[in-house]
Amino acid sequence: MTLYVENLSKKFPVNDFYSLRDVDLTVEKGEIVGLIGENGAGKSTFLKLIAKALRPTTGKIEYNGIDINKKENVLEDFGIMIETVFYPEMTVMENMMFYLELHNKNEYRDNIQKTLELVGLWKAKKRKPGDFSFGMKQRMALALALVTEPEFLLLDEPFVGLDPIGVGNLIGILKEWSKTRDISMIISSHQLGELEELCNRYVYIEDGRLKESIAHQASGVLLVHLTAENKALSFLGLENIKLLPGNILEITEKDNVDLNRIFTELGEKNLIKTIEVKENNLKDYFKG
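Predicted, not measured: the structure shown is a model, and the values here were computed from it.

Quick look at the overall build of the chain now. Along the backbone of the chain there are seven helices and 14 strands. Burial status across the chain gives 50% buried among its 288 residues. A fraction of 69% describes how many contacts in the chain between residues 6 or more apart in sequence connect residues 24 or more apart. Roughly 14,300 Å² of accessible area belongs to the chain as shown, and the carbon and sulfur atoms make up 46% of that amount.

This is the structure:
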């Protein structure tokens, strides 16, 4: 067991209601859990409680058997993206270097370039994020969460601001980390197709309560819409991958392919128009 949450509740002094009430959750090592719910349901409050940005009113949170609110540095191996926390007057590169120095993790400096390339910020490494758009600020926060290759990830809307290739690459690297390094994740997002491509299961929060835990249905499918007709795809070495009418490349979990390589090679040849993730039934949990 990695993360254990029991009877977790949060009531802010200015409110006469609980923002989160009696939530129980266990996240096993290597598990990717999608957190879904409407705006204001309590998702961000839940993530902030796990990240120790808030203290619970009642309940407890344990990581590897240790109460996170009773001991320091329990979350040292966490990568956290909940709010866009960085220094706006420092460049992207300076932010990355300072983050590693602040957390005594300078051994990960060699990860900076590949992390910034993953989130599409390498070319902007000398720019100051204070002038960034909202989407670029999200990417800056995501880079900080990923650079140390953490053992547990807490990600709030990590796909915002990424282009289709960036979304595909991020999904690929997170799935690879889960498979090869057994890292655990809780990911909150309104982009349900991306969650369905990535997660093992989902938890649905409504009015501050965890209403349901939903098992993953292994039918997630990536549809890569290509830019040109009749392009030979033999260079990908994907004999078993379907090319659908309308020049759409269909990739399923059972195909067991290297998504990073596929997206890189297609992107270099300017063959990607859009990437779509087929959704299962998560949208049925939303009334609006």
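An order of E2-E1-E4-E5 is seen for the four strands of this open sheet, with the pairing classed as antiparallel. The strands lining the two open edges of the sheet, one partner per strand, are strand E2 (20-27) and strand E5 (66-67). Where strand E4 (residues 58-63) lies against E5, two bridges are found, and the strand directions are antiparallel. Directly across from Tyr63, in E5, lies its bridge partner Ile66. Along the sheet, helix H1 (residues 43-50) makes contact with strand E1 (3-10), E2 and E4, crossing E1 at roughly 120°.

Once that is clear, we can look at the side chain of Ser19. Within the secondary structure layout, Ser19 lies in the loop between E1 and E2. For Ser19, a relative accessible area of 15% puts it in the buried group. Residues within four places of Ser19 in sequence aside, it is in contact with Lys10, Phe12, Ala41, Gly42, Thr45 and Gly208.

Moving on to a nonpolar patch on the surface. Residues Tyr87, Phe98 and Leu102 make up a contiguous nonpolar surface patch of roughly 300 Å² in combined accessible area. Take Tyr87: it is sitting in the loop between strand E6 (78-81) and helix H2 (92-102).

Once that is clear, we can look at unusual backbone geometry. If you check the backbone angles, Asn7 has positive phi at about 50° while not being a glycine. Position of Asn7 among the secondary structure elements: in strand E1. What makes Asn7 partly exposed here is its relative accessible area of 38%. One non-glycine residue, Glu149, lies in the positive phi region at around 50°. In this structure Glu149 comes out as partly exposed when scored by relative accessible area, which is 25%.

Burial within H1 is extensive, with six of its eight residues counted as buried. Of the residues flanking the end of H1, it is Lys52, one or two places downstream, whose phi is positive at about 65°.

Turning our attention to the pattern of salt bridges. Oppositely charged side chains are able to pair whenever their charged atoms sit close together. Applying the stated criterion across every chain yields a total of eleven salt bridges. The partner of Lys29 in a salt bridge is Glu151, and the shortest N-O contact between them spans 3.8 Å. With Lys29 in the loop between E2 and strand E3 (32-36) and Glu151 in the loop between helix H4 (134-146) and strand E7 (152-156), this residue pair connects regions lying 122 residues apart in the sequence. Since its relative accessible area comes to 28%, Glu151 is described here as partly exposed. The partner of Arg181 in a salt bridge is Glu151, with the nearest N and O atoms 3.5 Å apart. Remark: Glu151 occurs in the loop between H4 and E7 and Arg181 occurs in helix H5 (residues 164-181); sequence separation between them is 30 residues. You can call Arg181 partly exposed: its relative accessible area is 23%. Linked by salt bridges that have partners in common, Glu6, Lys60 and Glu62 make up one network.

The next subject is the pairing of strand E9 (residues 201-206). For E9, a buried count of five out of six residues is recorded, marking the element as mostly surrounded by other parts of the structure. Of the strand pairs in this sheet, E3 and E9 are connected by four bridges, and their pairing is parallel. By the bridge assignment, Ile36 is partnered in E9 with Tyr204.

Turning to the environment of Leu154, a few remarks are in order. Along the chain, Leu154 turns up in strand E7. What makes Leu154 buried here is its relative accessible area of 0%. With 103 residues separating them along the chain, Leu154 and Ala51 place their C-alpha atoms 7.8 Å apart. Every residue in contact with Leu154, bar those within four places of it in the chain, is listed here: Leu47, Ile50, Ala51, Phe78, Gly79, Ile80, Met81 and Ile186.

This part is about the packing of aromatic side chains. Under the definition given, this model contains four aromatic pairs. With 5.4 Å between their ring centres and 85° between their planes, Tyr87 and Phe98 make a pair best called edge-to-face. With Tyr87 in the loop between E6 and H2 and Phe98 in helix H2, this residue pair connects regions lying eleven residues apart in the sequence. Owing to a relative accessible area of 46%, Tyr87 belongs among the partly exposed residues under this scheme. A residue is classified by how much of its surface remains accessible, and Phe98, at 30% relative accessible area, is partly exposed. An aromatic cluster is defined as three or more aromatic residues linked by ring pairs; in this entry it consists of Tyr63, Phe78 and Phe152. A cation over an aromatic ring shows up here: Lys10 above the ring of Phe12, its NZ or CZ 5.2 Å from the ring centre. Arg21 extends its terminal NZ or CZ atom over the ring of Tyr18, reaching a point 4.0 Å from the ring centre.

The rules behind the values
Residues numbered from 1 in each chain as written. Predicted model: local features only at pLDDT ≥ 70, side-chain atom pairs only at ≥ 80, totals over all residues. Heavy atoms only, no water. Helix = DSSP H or I, 4+ residues; strand = E, 2+ residues; numbered from the N terminus. Buried < 20%, exposed > 50% of the residue type's maximum accessible area, 1.4 Å probe, protein only. Contact = heavy atoms within 4.5 Å. Areas by Shrake-Rupley, 256 points an atom, 1.4 Å probe, with all protein chains shown as cover. Pairing = 2+ DSSP bridges. Axes fitted to C-alpha atoms, helices over the stretch in contact; angles between N-to-C directions. Patch = residues over 30% accessible without salt bridge, like charges linked within 9 Å, V, L, I, M, F, W, Y side chains within 5 Å. Salt bridge = Lys/Arg side-chain N within 4 Å of Asp/Glu carboxyl O. Phe/Tyr/Trp six-rings, centres within 6.5 Å; stacked < 30°, edge-to-face > 60°. Lys NZ or Arg CZ within 6 Å of the ring centre and 35° of its normal.

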